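Notes for the structure review
Next come the chains, spelled out residue by residue.
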Amino acid sequence: MTEETMREYYAQRAQTLEQVYQRPERQADLQEMQQRVCELLKNHKVLEVACGTGYWTEKFAPHAQSVYATDINQPMLDLAQAKNYPDVKPEFALANIYDLPDAKEGQYSACFAGFFWSHVKREEQAALLAKLSKGAGKGSLLVLMDNNYIEGSSTPIARTDAEGNTFQFRIRADGERVLIVKNFPTDSALRKKFGPLVRDIRVVRNEHYWLLTCILK
């Protein structure tokens, strides 16, 4: 699986991507995490990476001081920009998370990524954390949210590679089956990976989701 495969898959899924948030059994957990994210990002100058359709942008933007939301896919950004933002009007930009410009001093105070970390290969995570530290600025709050693996509910794991990355088969809009990286880290794995690169790590989980916060350094 390549970055190009991932980008094409999500570009094709743009119009239906938010269906995953409509599953009845996940509503209570989703609401809990939404409240946590909004509280965490309140009054912050937020850099959002991999914003997708803007589902989370729309939720937390009214509570933030400012929002600069980026994604690698223009179809996603088109949907995100069309949402309703009555209080804080986010700025949107086409950008690769791996090629973010360095933040100017005071430009951001927080960075948010929803449901992206699980698509980052384990061997690439340390480099990405370093990139986020430069992109959002040292001392910024980092907020990550992603899925837990739920047997019988989550898409089954298709294979595991030598580095421990897990993969799922997904069906594109054109019917083609593609293999996508989808990792489900434990709390201890998150702390081990993040520990040398950040400070004040906190991990919260409910049945369906996990939320990690830390300070970039």
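What you see is a predicted model; the values in this text were computed from it and never measured.

Cut-offs applied
Residues numbered from 1 in each chain as written. Predicted model: local features only at pLDDT ≥ 70, side-chain atom pairs only at ≥ 80, totals over all residues. Heavy atoms only, no water. Buried < 20%, exposed > 50% of the residue type's maximum accessible area, 1.4 Å probe, protein only. Helix = DSSP H or I, 4+ residues; strand = E, 2+ residues; numbered from the N terminus. Pairing = 2+ DSSP bridges. Right-handed = clockwise from strand over helix to strand, strands pointing away. Salt bridge = Lys/Arg side-chain N within 4 Å of Asp/Glu carboxyl O. Axes fitted to C-alpha atoms, helices over the stretch in contact; angles between N-to-C directions. Contact = heavy atoms within 4.5 Å.

1. Quick notes on the pairing of strand 4 (residues 110-114)
- Counting buried positions along strand 4 yields five of five residues, so the element is predominantly enclosed.
- Of the two faces of strand 4, both are covered, the one formed by Ala110, Phe112 and Gly114 as well as the one formed by Cys111 and Ala113.
- Bridging between strand 1 (residues 45-48) and strand 4 involves three bridges; their strand directions are parallel. Of the residues in strand 4, the one forming a bridge with valine 46 is alanine 110.
- Across five bridges, the pairing between strand 4 and strand 5 (residues 141-147) is parallel. When the sheet's bridge partners are listed, glycine 114 is paired in strand 5 with methionine 145.
- Crossover strand 4 to strand 5 through helix 5 (residues 125-136) is right-handed.

2. A closer look at the pattern of salt bridges
- Counting across every chain of the model gives five salt bridges.
- A salt bridge links aspartate 187 to arginine 205; the shortest N-O distance between them is 2.4 Å. Linking aspartate 187 in helix 6 (residues 187-194) with arginine 205 in strand 9 (residues 198-205), this pair joins segments that are 18 residues apart in sequence.
- A relative accessible area of 32% places arginine 205 in the partly exposed class.

3. Looking at the sheet that holds strand 6 (residues 159-160)
- The sheet built from three strands is open, its strands ordered 6-7-8 with antiparallel pairing. Only two strands of the sheet have a single neighbouring strand rather than two, namely strand 6 and strand 8 (177-181).
- The pairing of strand 7 (residues 166-171) with strand 8 spans five bridges and is antiparallel. When the sheet's bridge partners are listed, phenylalanine 169 is paired in strand 8 with leucine 179.

4. A look at the sheet that holds strand 1
- Sheet architecture is open: seven strands sit in the order 3-2-1-4-5-10-9, paired in mixed fashion. In this open sheet, the two strands that pair with only one neighbour each are strand 3 (91-94) and strand 9. Each strand of the sheet is rotated relative to its neighbour by a mean of 15°, with strand direction disregarded.
- This element, helix 4 (residues 74-81), spans strand 2 (66-71) and strand 3 of the sheet and lies at about 170° to strand 3.

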